[in-house]
Amino acid sequence: MNDDQTMQLVIVRHGESEWNKLNLFTGWTDVDLTDTGREEAHAGGKALREAGYDFDVCYTSLLKRAVHTLNCVLDELDRNWLPVHKAWQLNERHYGALQGLNKADAAAEHGEDQVKIWRRSFDVQPPALTPGDERDPHVLEMFRDVPPQDLPYTECLKDTIARAWPYFESQIKPQLEVGKRVLIAAHGNSLRALVMQFEKLTPDQILEVNIPTGVPCSYTFDKDWNIIDKHYIGDPAAIEAKISAVANQGKAKK
Ligand SMILES: O=C(O)[C@H](O)COP(=O)(O)O
């Protein structure tokens, strides 16, 4: 527990996934981590341990790349016994009919500007899945307990915020407010959804935010939810390189 008046939250994006490696739009596709991804997640956990972090409760999505990342971090912290809540609301932004397409190929075909809009715009949705498509969440076992009307066929960031933020406010915020130290392992865009709210960013500002894989980011808030401190835990140059690598995934191969 945090015994001063501040609130401690750490967010971490999953390590490299099999589809990150292949540069495919992933969204709700349930692909696992690569060996590199597991190493990144362990390195993130080790960095947290060395910096003296501890936690009381953890949250993650239903997708195995985030769940396995959390497990690697908890292994390093020797905190596998902590309570873990898995929520579909923390899933990656649904990438609609783009799921499974190569990002660089899409840039070559539709232009880098269009791909940047699909990847980063606040309110433009990627093309939607056709209902009944094998990727349609309505037909996937993973979502059998989610009200069908809540399940998307595609999402822009605004749509992701509309499900991730109410979950944060109703489930996670109360824990932080009673002094629990919270760890969230989730995804590039579901974390951008939360970051936009934490940092009160405009749609233009969030467009330029890219979250690196496997690097924990620590937020300290005061009791009125002002950010007192935010920092990534790790080597700044390596983190910058990872952030640029994410931004560049949407460029056509030269
Ligand atoms: O869903 C995906 O493809 C990734 O997890 C995030 O992709 P993005 O950085 O292209 O939005």
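Residues numbered from 1 in each chain as written. Predicted model: local features only at pLDDT ≥ 70, side-chain atom pairs only at ≥ 80, totals over all residues.

### As for helix α5 (residues 112-120)
In plain terms, the rule: Three classes are used. A residue is buried when 20 or more other C-beta atoms lie within 10 Å of its own, exposed when 12 or fewer do, and partly exposed in between, with C-beta atoms placed from the backbone. Per the convention used, a helix needs a DSSP run of H or I reaching at least four residues, while a strand needs a run of E reaching at least two, with both numbered from the N terminus. This arc is taken over the directions from the axis of the helix to the C-beta atoms. In this description, any two residues whose backbone-derived C-beta atoms lie within 7 Å of each other are considered to be in contact.
All of the buried residues in α5 are V115, W118, R119 and R120. With its buried residues spanning 165 degrees around the axis, α5 presents them on a single face. For α5, the elements touching its buried residues are α4 (103-110) and α8 (203-207).

### A look at the environment of A104
Note that A104 resides in helix α4. For the pair A104 and L151, spaced 47 residues apart in sequence, the C-alpha separation works out to 28 Å. Those residues in contact with A104 that sit more than four places away from it in its chain are N23, K251, A252 and K253.

### What about the sheet that holds strand β5 (residues 217-221)?
Put simply, the test is: When DSSP finds two or more bridges between two strands, those strands count as paired. Here the axes come from fitting lines to C-alpha atoms, over the contacting stretch only for helices, and the angles between their N-to-C directions go from 0 to 180 degrees.
Strand order in the open sheet formed by six strands is β3-β2-β4-β1-β5-β6, and the pairing between neighbours is mixed. Looking at the sheet topology across the chains shown, the edges are occupied by β3 (84-86) and β6 (227-232). In this sheet, adjacent strand axes meet at a mean angle of 15 degrees when their direction is disregarded. Bridge count between β5 and β6: five bridges; the pairing is antiparallel. Each bridged residue has a counterpart across the sheet, and for T220 the counterpart in β6 is D229. Against the sheet, helix α3 (residues 64-77) engages β1 (7-13), β2 (57-60), β3 and β4 (182-186), with an angle of about 140 degrees to β4.

### Some points on the site of the ligand
Let me state the cut-off plainly: Here, nearness means that the C-beta atom of a residue, built from backbone geometry, sits within 6 Å of the molecule or strand in question. In this classification, Asp, Glu, Lys and Arg are treated as charged, Ala, Val, Leu, Ile, Met, Phe, Trp, Tyr, Cys and Pro as nonpolar, and every other residue, Gly included, as polar.
In the vicinity of the ligand, the residues found are F25, T26, G27, E92, Y95, K103, R119, H187, G188, N189, V246 and Q249. Its residues assigned to classes, the shell around the ligand comprises three nonpolar, six polar and three charged.

### So, the nonpolar core
One broad trend across soluble globular proteins is that nonpolar side chains are buried collectively. Which entries qualify depends on this criterion: Core membership is restricted to buried Ala, Val, Leu, Ile, Met, Phe, Trp, Tyr and Cys residues, and these are joined into a nonpolar core through C-beta atoms within 7 Å.
Counting residues in hydrophobic clusters, the biggest one holds 41 residues, and the most contacted among them are I11, V73, I184 and A185. When residues of this core are traced back to their parent elements, those giving at least two are β1, α2 (35-50), β2, α3, α6 (157-177), β4, α7 (188-198) and β5. Residues W19, A107, V115 and W118 belong to the second largest nonpolar core, which totals nine residues.

### A few points about the pairing of β2
Regular strands have side chains that alternate between both faces of the sheet. Direction of pairing for β2 relative to β4: parallel, over a ladder of four bridges. Following the sheet pairing, T60 is matched in β4 by A185. Where β2 lies against β3, three bridges are found, and the strand directions are parallel. The residue bridging T60 from the neighbouring strand is K86, located in β3.

### Re the UniProt feature "active site" (unreviewed entry) in the protein chain
To be explicit about the condition: UniProt positions are given in the numbering used here, feature names are shortened, and annotations may be inferred rather than shown by experiment.
UniProt's entry tags H14 and E92 with the feature "active site" (unreviewed entry), counted in the numbering of this structure. Their sequence span is 79 residues, while the largest C-alpha to C-alpha distance among them is just 10.4 Å; these annotated residues converge on one region. Judged by local crowding, H14 falls into the buried class, with 31 C-beta atoms found within 10 Å. Not counting the four nearest positions on each side in its chain, H14 is found in contact with L33, G37, R65, A66, T69, A185, H187 and T213. As for its position among the elements, E92 is in the loop between β3 and α4. The contacts of E92, once residues within four sequence positions are left out, are T26, G27, W28, L63, H187, N189 and S190.

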